[in-house]
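Secondary and tertiary structure notes
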Amino acid sequence: MSLSDKILNMYFATHRTCNLMCRYCYIPEEIKKEPKIKDIEILNSLNQFIGKVENENYQIGTFCLHGSEPSLMEAKTMAEIIRKVNSHWNKNKTKGMNVSIQSNGLRFTKEYLNILKQNLDSPQKLRISFSIDPPKKVHDFLRNNSYDTAIQNMDEAINLGFPVGILCVVSNKTIRHKEEFGKWLKYYNVQSKIAGNPYKIKFKFATGEFALNESEMENFSYFLIENDLLQFSQILTPGYCIQRGNECIWYEFDIFGNCYSCNKAYSNDGIFADWKKESFETIVNKRRNLYISEFQNPECAECDYELLCNSGCPLDRYYDGEMAGKALECMLIKTAFSESEKKGKHIYDIINNQS
């Protein structure tokens, strides 16, 4: 087993419930009714996880607190988690890593953030990624009228020195207000360039009933090109797991021992191992082969741009029709490449926002 196989890039799922019921929520109905998780259960499970990782000579790489909503824990508990993970990194002489969290942002009030900051060496120890689906009318429709609170808390986090990221979901509701969406992205991009915070702004596409159809995706692609917004797309940003296709290697470990590939497989059917009972070597081997035979459209092998997307995330492809087995973002990729090539400009120049 190679050294890279001994590094676990992961989500740590601390809760199975949430404080915000979004219209596109991925949490199964039966899970939503479960009792609240106690903070001591989270800390005990993390201690067990880190101990097992170290005993088996593995290392934690990227570490992101997930949930569904991880901020349901108390601020002091979150600070303790950050200290424990940093202690593991220090023990392994791992440099340049920070704990991150993906959150709806509702719990990150001024009071919560101040307690968190007081219990950390530096607010830079935690990168907070807020899930916001602009513009306001779209966010409030999809995310239960939470826009104002999320924005207020995000601004407070920035003011207190926490590195802030923004992750947007583009749905078939978004494209009806794409001009406002574009202005929103540009506004926060200016703030990012001036102050370095938000440090990251990205969007991904909705699936299921809120997904864009092919025509909508093509129309939206031209909009992104015309407004210099391609650099905000996850699929066109180097380094994301979705670009590895069936060979993606990512983990979501929850506090109960369950192993998932990621939150897209967050159901009983998505559990492929038990980290409390199985060795990490076994888990890594299971994960490596989890999607290796997942269907890819034969046309992808003949596509000039297949090396970029590898047919996209195996859990987020088209499932039926002529597009079955192709990346959800297929039309965006083809449109972006072909249009840039017509102008004599390579797509990576656009992604990197170079003139």
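A brief look at the structure comes next. Every value quoted in this text rests on a predicted model; they were computed, and no experiment measured them. (Residues numbered from 1 in each chain as written. Predicted model: local features only at pLDDT ≥ 70, side-chain atom pairs only at ≥ 80, totals over all residues. Heavy atoms only, no water.)

1. Considering the sheet that holds strand β9 (residues 273–274)
Basically, it comes down to this: We treat two strands as partners when DSSP finds at least two bridges between them. Per the convention used, a helix needs a DSSP run of H or I reaching at least four residues, while a strand needs a run of E reaching at least two, with both numbered from the N terminus.
Reading across from one edge, β6-β5-β4-β3-β2-β1-β7-β8-β9 is the order of the 9 strands in this open sheet, with mixed pairing throughout. In this open sheet, the two strands that pair with only one neighbour each are β6 (200–205) and β9. Two strands pair when backbone bridges link them, and strand β1 (residues 7–13) and strand β7 (residues 251–254) are joined in this way by 4 bridges, in the parallel orientation. Among the inter-strand pairings, Ala-13 is bridged to a residue of β7, identified as Asp-254.

2. Notes on the environment of Ile-27
What counts, and what does not: Residue exposure (1.4 Å probe, protein chains only): buried if accessible area is under 20% of the type maximum, exposed if over 50%, otherwise partly exposed.
In this structure, Ile-27 sits in the loop between β1 and α1 (29–32). The exposure class of Ile-27 is buried, given its relative accessible area of 5%. Spatially, the C-alpha atoms of Ile-27 and Ala-265 are 9.9 Å apart, while their sequence positions differ by 238 residues.

3. Observations concerning the nonpolar core
Test applied: Throughout this description, the term nonpolar core refers to a set of buried Ala, Val, Leu, Ile, Met, Phe, Trp, Tyr and Cys residues connected via side-chain atoms within 4.5 Å. The contact criterion used is simple: two residues touch if any of their non-hydrogen atoms lie within 4.5 Å.
Counting residues in each nonpolar core, the largest one holds 86 residues, and the members touching the most others are Phe-49, Phe-63, Met-78, Leu-116, Phe-203, Phe-220 and Phe-253. Of all the elements, helix α3 (residues 75–91) adds the most residues to this core, at 7 residues. Excluding anything up to four places from it in sequence, Phe-253 contacts Leu-8, Met-10, Tyr-11, Phe-12, Ala-13, Phe-49, Asn-258, Cys-259, Trp-275, Phe-280 and Ile-283.

4. Side note on the pattern of salt bridges
Stated precisely, the cut-off is as follows: The rule for a salt bridge is simple: a side-chain nitrogen of Lys or Arg has to be within 4 Å of a carboxyl oxygen of Asp or Glu.
Inspection of the entire model under this criterion finds 13 salt bridges. For Lys-91, the salt bridge is made with Glu-54, and the minimal N-O distance between the two is 3.1 Å. You can see Lys-91 sitting in helix α3 and its partner Glu-54 sitting in helix α2 (residues 39–55), a full 37 residues away along the chain. Judged by its relative accessible area of 56%, Lys-91 is exposed. On the basis of relative accessible area, Glu-54 is assigned to the partly exposed category, the value being 22%. Lys-136 is the partner of Asp-140 in a salt bridge, and the nearest nitrogen-oxygen pair spans 2.9 Å. With Asp-140 and Lys-136 both in helix α5 (residues 136–142), this residue pair falls 4 residues apart, about one helical turn. A cluster of three or more residues bridged by salt bridges with shared partners is formed by Glu-80, Arg-83 and Lys-84.

5. What about the packing of aromatic side chains?
Applicable threshold: Pairing of aromatic rings covers Phe, Tyr and the six-membered ring of Trp, with a centre-to-centre limit of 6.5 Å; geometry is then stacked below 30 degrees between planes, edge-to-face above 60, and tilted otherwise. As a reminder, the over-ring test applies to NZ of lysine and CZ of arginine, requiring each to be within 6 Å of the ring centre and within 35 degrees of the ring normal.
Under the counting rule described, the total for this entry stands at 21 aromatic pairs. Aromatic side chains Phe-49 and Phe-253 sit 5.0 Å apart centroid to centroid with 50° between the ring planes, which places their arrangement in the tilted category. Here Phe-253 lies in strand β7 and Phe-49 lies in helix α2, a separation of 204 residues in the sequence. This pair shows no difference in class: Phe-49 is buried, exactly as Phe-253 is. A centroid spacing of 5.4 Å and a plane angle of 10° characterise the contact between Tyr-251 and Phe-253, whose relative ring orientation is stacked. Grouping residues by exposure puts Tyr-251 and Phe-253 together as buried. Through a chain of ring-to-ring contacts, three or more aromatic side chains come together here, namely Phe-12, Phe-49, Tyr-58, Phe-63, Tyr-251, Phe-253, Trp-275 and Phe-280. The lysine or arginine in question, Lys-52, covers the ring of Phe-280, its NZ or CZ lying 5.6 Å from the ring centre.

6. Some points on the environment of Asn-297
What counts, and what does not: For the purposes of these results, a polar contact is taken to be a pair of N or O atoms within 3.5 Å, where, inside protein, one atom must be able to donate a hydrogen and its partner to accept one; residues adjacent in sequence count only when each atom of the pair is a side-chain atom.
Here Asn-297 shows up in the loop between α9 (280–288) and α10 (306–309). Residues Asn-297 and Arg-317 lie 20 residues apart in sequence; the distance between their C-alpha atoms is 9.8 Å. A polar side-chain atom of Asn-297 sits 2.9 Å from the main-chain amide nitrogen of Glu-299.

7. Regarding the side chain of Asp-133
If you trace the backbone, Asp-133 turns up in the loop between β4 (126–131) and α5. In this structure the side chain of Asp-133 is engaged in a polar contact, spanning 3.0 Å, whose partner is the side chain of Arg-143.

8. Considerations on helix α6 (residues 147–159)
Selection rule: By this rule the span expected of a helix is its residue count minus one, scaled by 1.5 Å.
For α6, built from 13 residues, the straight-helix expectation of 18 Å at 1.5 Å per residue is met to within 8% by its first-to-last C-alpha distance of 18 Å. If you follow the buried residues of α6, they end up packed against α4 (110–118), β4, α5, β5 (164–170) and α7 (178–195). Positioned one or two residues after α6, Gly-161 has a phi angle of 95°, which is positive.

9. Points about α2
A rise of 1.5 Å per residue sets the reference length of α2, with its 17 residues, at 24 Å; its end C-alpha atoms lie 24 Å apart and thus fit the reference within 8%. Three or more residues of α2 are buried, namely Asp-39, Ile-42, Leu-43, Ser-45, Leu-46, Phe-49, Ile-50, Lys-52 and Val-53. Check the buried side of α2 and you find it contacts β1, β2 (59–66), α3, β7 and α9. Two residues or fewer past α2, Asn-57 is found with a positive phi of approximately 60°.

10. As for the pairing of β5
As a reminder, the rule being used: A clockwise course of the path from the first strand over the helix to the second, judged with the strands pointing away from the viewer, identifies a crossover as right-handed.
The buried fraction of β5 amounts to 7 of the 7 residues, a majority that puts the element mostly inside the structure. Here β5 shows a buried face lined by Val-164, Ile-166, Cys-168 and Val-170 and a second buried face lined by Gly-165, Leu-167 and Val-169. As defined by bridge partners, β4 adjoins β5 across 4 bridges and the pair is classed as parallel. Paired with Ser-129 across the strands is Gly-165, a residue of β5. For the segment spanning β5, α7 and β6, crossover handedness is right-handed.

The analysis is restricted to geometry; functional conclusions fall outside its scope.
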